[in-house]
Amino acid sequence: MTCHRAQMRAILTGAALWAGSGALALDQSYEKPGGLEDWGRQLQYFVQGSELGYRRSYALVIGISQFEHFTTLPTASDPIRMKDFLLDEAGFDYVHLLTEKDVTPQRVRQLMLDDFRQRVGAEDRMLFYWSGHGHTELNRRGEPSGYLPVASAQAGQLSQMVSMERLTEWDSHIKANQVLYLLDSCFSGFAGTVSKSSTRDITLSQMARPSRHIITAGTYEQETIATERISGSIFTYAVLEALRGIADTESGGFERDGLVTVNEIEDYVKKRVKQLADAAGWRRPITPQVWDLGANEGEFFFVSTNRKQETLAKQGGQFVGMEYGIPKSSDGRAIRPYHMGDDPISGQSLFVEAVLTSNAAGLERYLATFPDSDYSDLARNAHRNLGALGGRPHDDADTDTLFWESIRASVLPVEFQLYLDLFPGGAYRDLARARMSALERAGEVQEFLLAGQPMSTHARLRQDALNKARELPLEFVQYGLIALGYPIDDPAGVMTSQTRRAARAYQASVGAEQTGVLTPWQRVDVVLKAAQIGDDHAETATGIMMAEGMGLPKNEAMARKWLERAARKGNGYAQANLAILYRDGRGGDADSDRARTLLQQAVDQDIPGAGELLETL
């Protein structure tokens, strides 16, 4: 029996445009930058007495929304949201994202047995997330077996599905102390038993004992749903609410302690899913369920956002967001789960962070703490010339306006400094200097407005856009690095040693720590700089970023202009993506004739998906 997830007035949102075919297929890994403490060390900072031997937290996040033989699901954004939460808010050290047609049984097996089996140690934790359809097959004895179909699978084609039996087998090779499976699918039949645990009366040391839990969205007799209001699955939506700390309540016999456990997740998600289903007019039962995969002594858990905010407040900070699991303050301070002491070198990450964010207060704090460190002269120079990123002058008035429109509502001084570097004689140079000066003096601008929204809202939207920079296909960044003069032989979207060398060379050019892994802002900076010097791949990437709010504020009118520039140069991907904007009337009037012409040009260049789109016009 195949369980189809229902689509309650749902629309597909958040899908990137790169290949011109709807949801983007991704097979990428994301790792916490070097120099930051691992999850276990962060835990020691937020939870007293938590020196329990935890080290790193890993995750494999998988999502399929477009199927060849099953109904399309409006859930393309769900795996991205889960990945972003795990990296930015939960502080996971390593997340691999696998989506759409790149999900095959063979690839999942390879990741579990060849990648995570070798990465994850006995003191680590692992989370496995799957979003997609579920399928249940009855054997000759009438016993159910659960399967997870991939994009190309047919209902009776079990070889193109991931069986729960196989997943259980792969789990036996993962050495992690604790594993949590979150399966946003509806099916039944796997080697697990309904969890009997119903109490939160457990000590921290008991919680750290080995555990294997599975949380499913429903059984094979049920349907999970996605609604337009939340642009995704109600199960994933409720789970993310729970993990952020809403589930950490005193209700249901659970104690509010800043930690969210499996049992608290179950208790909250069951109630919340019912509320969301009722609000959507869905009357059929949906029953999220926790299963034990073997004997469990401990519980997988998360530290609530509220607990982290309280920790920051004790240090005199005002919470404005999370970065790699650490709360950030409005004055630029970052609560660190370790003591820097008197060692000047240990302040390197603080210095790099202050430089990259052009944060005057952060640089001043660094100099006050480490007046004679190896980085003090650099910090003083950076303080005198905030945001100097070494851009290239450019006199193209059209490009001048395009770039200004993309940053004019920013609250980041570094972006206005970058404008001045790129366009020293630009038409908006006086405005840029005034904005940058005001932002630096104020530190936290309280009356800055964007379309009637208070600055705090804009800052959050801006941070959301930067967080989504991690979704940029690696090819974007690789082509940008090539355009800037850093050689990469094969920009195929694979993180090679040559790509890391190119990234380190770029980081050295901007005075950043040479980790070989670009931060979200560095990714955006590489693409923007390459676009400014006329690289058509980077211009295409910039257009897509602005169309999707990915690293840059969403601005579909500006997206059209960037894609037009690249399309005129014959870039097939720009032509295909620009056609989508014209087809849907995004960023301007709809024009099916123009869309048809662009798609035909893309088809002539064998751009994947362009032919199928052309047939629909």
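Below you will find a few notes about this structure. Just so it is clear, the structure is predicted and the values come from calculations on it, not from any experiment. (Residues numbered from 1 in each chain as written. Predicted model: local features only at pLDDT ≥ 70, side-chain atom pairs only at ≥ 80, totals over all residues. Heavy atoms only, no water.)

1. Re the overall build of the protein
The secondary structure content of the protein amounts to 23 helices and 19 strands. Looking at the protein as a whole, 57% of its 617 residues are labelled buried. Sequence separation of 24 or more characterises 69% of the internal contacts of the protein that already satisfy a separation of 6 or more. (Helix = DSSP H or I, 4+ residues; strand = E, 2+ residues; numbered from the N terminus. Buried < 20%, exposed > 50% of the residue type's maximum accessible area, 1.4 Å probe, protein only. Contact = heavy atoms within 4.5 Å.)

2. Brief notes about the pattern of salt bridges
The final tally for this structure, using the stated rule, is 23 salt bridges. Through salt bridges with shared partners, a single ionic network connects Glu 539, Arg 565 and Lys 569. (Salt bridge = Lys/Arg side-chain N within 4 Å of Asp/Glu carboxyl O.)

3. Side note on the environment of Phe 85
Along the polypeptide, Phe 85 turns up in helix H2 (residues 78-89). Separated by 158 residues in sequence, Phe 85 and Leu 243 have C-alpha atoms that sit 9.0 Å apart. Not counting residues up to four positions away in its chain, the partners in contact with Phe 85 are Ala 90, Leu 240, Leu 243, Arg 244 and Phe 302.

4. Concerning the nonpolar core
Within the largest apolar cluster, 43 residues are counted, with the highest numbers of intra-cluster contacts made by Leu 86, Phe 92, Leu 127, Val 269 and Phe 302. Filtering out sequence-adjacent residues up to four positions away, Val 269 remains in contact with Phe 235, Ala 238, Val 239, Ala 242 and Pro 288. (Core = buried A, V, L, I, M, F, W, Y, C linked by side-chain atoms within 4.5 Å.)

5. Quick notes on the pairing of strand S16 (residues 289-292)
Residue alternation in S16 divides its side chains into two sets, Gln 289 and Trp 291 and Val 290 and Asp 292, and both sets are buried. Looking at chain direction, strand S12 (residues 211-218) and S16 are connected through four bridges and run antiparallel. Across the sheet, the residue bridging to Ile 215 is Val 290, located in S16. (Pairing = 2+ DSSP bridges.)

6. Some points on the environment of Asp 115
Residue placement: Asp 115 occurs in helix H3 (residues 105-119). Separated by 19 residues in the primary sequence, Asp 115 and His 96 place their C-alpha atoms 9.9 Å from one another. If sequence neighbours within four positions are ignored, Asp 115 has contacts with Tyr 94, His 96 and Gln 110. A distance of 2.4 Å separates the side chain of Asp 115 from the side chain of Arg 119, its partner in a polar contact. (Polar contact = N/O pair within 3.5 Å; in protein donor to acceptor, adjacent residues only side chain to side chain.)

7. Observations concerning helix H18 (residues 520-532)
Taking 1.5 Å per residue, 13 residues should reach 18 Å; H18 reaches 19 Å between its end C-alpha atoms and fits that length. Counted residue by residue, H18 has 13 buried out of 13 residues, so it is predominantly covered. At the C-terminal side of H18, Gly 534 shows a positive phi close to 95 degrees. (Expected span 1.5 Å × (residues − 1).)

8. Some points on the packing of H3 against helix H4 (residues 164-171)
Contact geometry for H3 and H4: axes closest at 10 Å, N-to-C directions at 20 degrees. Here H3 lies roughly parallel to H4, going by the angle between them. For the crossing formed where H3 meets H4, the hand is right-handed. Between H3, through Pro 105, Val 108, Arg 109, Met 112 and Leu 113, and H4, the contact on the second element is made entirely by Leu 167, Trp 170 and Asp 171. Considering only residue class, the contact of H3 with H4 consists of six nonpolar, no polar and two charged. (Axes fitted to C-alpha atoms, helices over the stretch in contact; angles between N-to-C directions. Parallel < 35°, antiparallel > 145°, perpendicular 65-115°, else oblique. Left-handed = near helix turned anticlockwise from the far one by under 90°. Nonpolar A, V, L, I, M, F, W, Y, C, P; charged D, E, K, R; others polar.)

9. Quick notes on the side chain of Asp 171
The topology assignment puts Asp 171 in helix H4. Of the residues examined, Asp 171 reaches a relative accessible area of 8% and is grouped as buried. Non-local contacts of Asp 171, meaning those with residues more than four positions away in its chain, are made with Met 112, Val 179, Tyr 181, Arg 212 and Leu 293.

10. Examining the packing of helix H21 (residues 572-584) against helix H22 (residues 592-604)
Interhelical geometry of H21 versus H22 gives an angle of 160 degrees and a closest axis separation of 8 Å. Overall, the two elements H21 and H22 adopt an arrangement that is roughly antiparallel. Judged by the sense of rotation from one axis to the other, the crossing of H21 with H22 is left-handed. Residue-level contacts link Gly 572, Gln 575, Ala 576, Leu 578, Ala 579, Tyr 582 and Arg 583 of H21 to Arg 594, Ala 595, Leu 598, Leu 599, Gln 601 and Ala 602 of H22. The residue inventory of the contact of H21 with H22, partitioned by class, reads eight nonpolar, three polar and two charged.

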